[in-house]
Amino acid sequence: CWEKILKTTIVDKDDDGASTVDFNSTYITTTYSLYLIVLNQIQYQTNGADAYINLSNDNGSNYLSGCSYVATHFYDGTYRLTQATSQTNIRIASSVDGTDASANRGYVSMNIYLNNPNDTTTYKGGFTRQAGSDQSGNMQQIRDCNFSSNNTSRINNVKFSQNNGNLMTGTIKLYGVT
């Protein structure tokens, strides 16, 4: 049974948004063996910004730099495969480009599963499923990403960031299951 731990609402105040959102050791605890993070209708300040998840084992003082990921990404009628190793930023999404020069940006929604972050005998990992639409609601892209921390230390902090601009609107919910 999934238990809701936290809901964070991103509110656009004076077009500033939030530069990062993180869940620290208050929320990423030894209580749960699996976490589900749901991002709903996230809008980025910058069209085409890359979205990242960062993992920490010291409550956000540092983020793991040896992470790897493999992602499939479909947009413009074409599937693409990307792979990276030794990363601090695990690329989990890209914001959808707007169709005009105004501030009308697209939206991203996704589910992120973080598997067994408390086990200290195995590498930590997870996977994401993302869908992106333009500002009119038309589906523009999908992205699946599998990632590994390449580290056996307990994960106790998860941060969301992007390479450009801020998170403007949307909700992020954190669930845990024992």
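Before going into details, it helps to say that this report is about the structure given with it.

The rules behind these values
Residues numbered from 1 in each chain as written. Predicted model: local features only at pLDDT ≥ 70, side-chain atom pairs only at ≥ 80, totals over all residues. Heavy atoms only, no water. Helix = DSSP H or I, 4+ residues; strand = E, 2+ residues; numbered from the N terminus. Rg over C-alpha atoms; globule rule 2.2 N^0.38 Å. Buried < 20%, exposed > 50% of the residue type's maximum accessible area, 1.4 Å probe, protein only. Contact = heavy atoms within 4.5 Å. Polar contact = N/O pair within 3.5 Å; in protein donor to acceptor, adjacent residues only side chain to side chain. Phe/Tyr/Trp six-rings, centres within 6.5 Å; stacked < 30°, edge-to-face > 60°. Lys NZ or Arg CZ within 6 Å of the ring centre and 35° of its normal. Pairing = 2+ DSSP bridges.

### Focus on the overall build of the protein chain
Looking only at helices and strands, the protein chain features zero helices and twelve strands. Each helix and strand of the protein chain, placed in order from N terminus to C terminus, yields the pattern β-β-β-β-β-β-β-β-β-β-β-β. In terms of overall dimensions, the protein chain is globule-like: its C-alpha atoms have a radius of gyration of 16 Å, near the 16 Å expected for 178 residues. Over its C-alpha atoms, taken along the principal directions, the protein chain stretches across nearly 50 × 35 × 30 Å. With 178 residues in all, the protein chain has 44% of them scored as buried. For the protein chain, contacts bridging at least 24 residues in sequence account for 76% of all contacts bridging at least 6.

### Examining the environment of Ser161
Residue position: Ser161 is located in strand S11 (residues 157-162). Overall, Ser161 belongs to the buried group, its relative accessible area being 10%. Sequence separation between Ser161 and Thr20 is 141 residues; the distance between their C-alpha atoms is 4.8 Å. Those residues in contact with Ser161 that lie beyond four places of it in its chain are Ser19, Thr20, Asp50, Ala51, Tyr52, Asn54 and Asn89. Only 3.1 Å separates the side chain of Ser161 from the side chain of Asn54, close enough to count as a polar contact.

### Side note on the packing of aromatic side chains
According to the stated counting rule, one finds five aromatic pairs in the structure shown. Centroid distance Tyr32 to Tyr35: 5.7 Å. Interplanar angle 70°. Geometry classified as edge-to-face. We note that Tyr32, like Tyr35, is buried. Where Phe74 meets Tyr79, the ring centres are 4.8 Å apart and the plane angle is 50°; that geometry is what we call tilted. Assessed through its relative accessible area of 59%, Tyr79 is described here as exposed. One aromatic cluster is present, built from ring pairs that chain together Trp2, Tyr113 and Phe127. Over the ring of Tyr63 we find Lys159; its NZ or CZ atom is 4.4 Å from the centre of that ring.

### So, the pairing of strand S9 (residues 125-133)
One ladder, built from nine bridges, connects strand S8 (residues 107-115) with S9; its direction is antiparallel. Bridge assignment links Ile112 to a residue of S9, and that residue is Thr128. Here S9 pairs with strand S10 (residues 139-148) via nine bridges, running antiparallel. Looking across to S10, one finds that Ser133 is bridged to Met139. If you look at the hairpin formed by S9 and S10, you'll find five residues sitting between the two strands, and Gly137 has a positive phi there, around 95°.

### So, unusual backbone geometry
Even without being glycine, Gln41 reaches a positive phi, approximately 55°. Looking at the element boundaries, Gln41 is found in strand S3 (residues 34-44). On the accessibility criterion, Gln41 (37% relative accessible area) is partly exposed. Phi is positive for Asn59, which is not a glycine, with a value near 60°. Turning to its location among the elements, Asn59 is positioned in the loop between strand S4 (50-56) and strand S5 (67-75). According to the relative accessible area criterion, Asn59 is partly exposed, its value standing at 34%.

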